[in-house]
Structure formats: C-alpha cells, structure tokens
Amino acid sequence: QVQLVESGGGLVQAGGSLRLSCAASGSMSNINAMGWYRQVPGKERELVARMPSTGDTVYADSVKGRFTISRDNAKNTVYLQMNSLKPEDTAVYYCKAVKPPYVYWGRGTQVTVSS
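Residues numbered from 1 in each chain as written. Predicted model: local features only at pLDDT ≥ 70, side-chain atom pairs only at ≥ 80, totals over all residues. Heavy atoms only, no water.

(A) Representation of the pattern of salt bridges in the model. The final tally for this structure, using the stated rule, is 4 salt bridges. Arg-38 is the salt-bridge partner of Glu-46, the closest N and O atoms lying 2.8 Å from each other. Across the pair Asp-89 and Arg-38 runs a salt bridge, and its minimum N-O distance is 3.0 Å. Placement of the pair is Asp-89 in the loop between β8 (77-82) and β9 (91-99) and Arg-38 in strand β4 (residues 33-39), with a sequence separation of 51 residues. Residue classification places Arg-38 among the buried positions, given a relative accessible area of 6%. Taken together, the shared-partner salt bridges in this structure form one network comprising Arg-38, Glu-46, Arg-66 and Asp-89. (Salt bridge = Lys/Arg side-chain N within 4 Å of Asp/Glu carboxyl O. Helix = DSSP H or I, 4+ residues; strand = E, 2+ residues; numbered from the N terminus. Buried < 20%, exposed > 50% of the residue type's maximum accessible area, 1.4 Å probe, protein only.)

Right, here's the structure in full:
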C-alpha cells in the first residue's frame, strides 16, 4: 500500500506561481513512476507531468516551459512547481504513483487561477 497526500493548492492570480507537494508513505519499493494529473468537472482526468524511475520526464504540451516536476527521495515527496499560471490551469490536481500491478491516487488539491 502507498498513501499519497497532496498539498499546496490555493487561489492565485494569473501569472502567479504555486508549488504543489505530494507526500508519499507506505511501501515505497518498486514504484516505477510518479506524476501529477488534473481534472475539471465534466472532463476526464489528464496528465500534467510524469516522472518515471528511469527514462525521461513527460509533460503535457499545455504546461511545457511553465511547470516542473521534481522528486526528493529522502523525503518521499514529489513536487510540481507551477509558474505563469493561467485561468485554464484551474483544476483539482492529483498525485499518482504506479507500483505494478497497482495504481495509487491522492485525494487531490484544488488550484484556482483568477483572471
């Protein structure tokens, strides 16, 4: 079992920045990817950024150059630095961990960007 707790969401003006954190606990061995996804009402959850244990980090085209995913293994925490935020970035942001054959999700944190 892996438990994920997101934090750092909030209300920010367009052009501002936020840093989301995802604190992971439990059985951390053999996690082969962690990432951030987001969802708005009425739409499917979509990838924001994904960091595999090996290989290249993947970003959604809509956030390239503005968002950065990083990981602190000592703290079992994954971050999402979000800069130059836009109103269309408004969503609930979820942390995801893949530990085959299981997928774990956090409960999400709301990010609201005002124009």
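There is more to say after this.
(B) Main features of the packing of aromatic side chains. Summed over the entire model, instances satisfying the criterion amount to 3 aromatic pairs. Their ring planes at 75 degrees and their centres at 5.2 Å tell us that Tyr-37 and Trp-105 sit as a pair that is edge-to-face. Residue Tyr-37 is located in strand β4, and its partner Trp-105 is located in strand β10 (residues 102-105); the two are separated by 68 residues in the primary sequence. Overall, Tyr-37 belongs to the buried group, its relative accessible area being 13%. Each ring, one from Tyr-102 and one from Tyr-104, has its centre 6.3 Å from the other, and the planes form 45 degrees; the classification is tilted. Classification of Tyr-104 as buried rests on a relative accessible area of 13%. Here the aromatic residues Tyr-37, Tyr-94 and Trp-105 are joined through ring pairs into a cluster of three or more. In this structure, Arg-45 packs its charged tip against the face of Tyr-94, placed 3.6 Å from the ring centre. Between the NZ or CZ atom of Arg-45 and the centre of the ring of Trp-105, over which it lies, the distance is 4.6 Å. (Phe/Tyr/Trp six-rings, centres within 6.5 Å; stacked < 30°, edge-to-face > 60°. Lys NZ or Arg CZ within 6 Å of the ring centre and 35° of its normal.)

None of this, on its own, says anything about what the molecule does.
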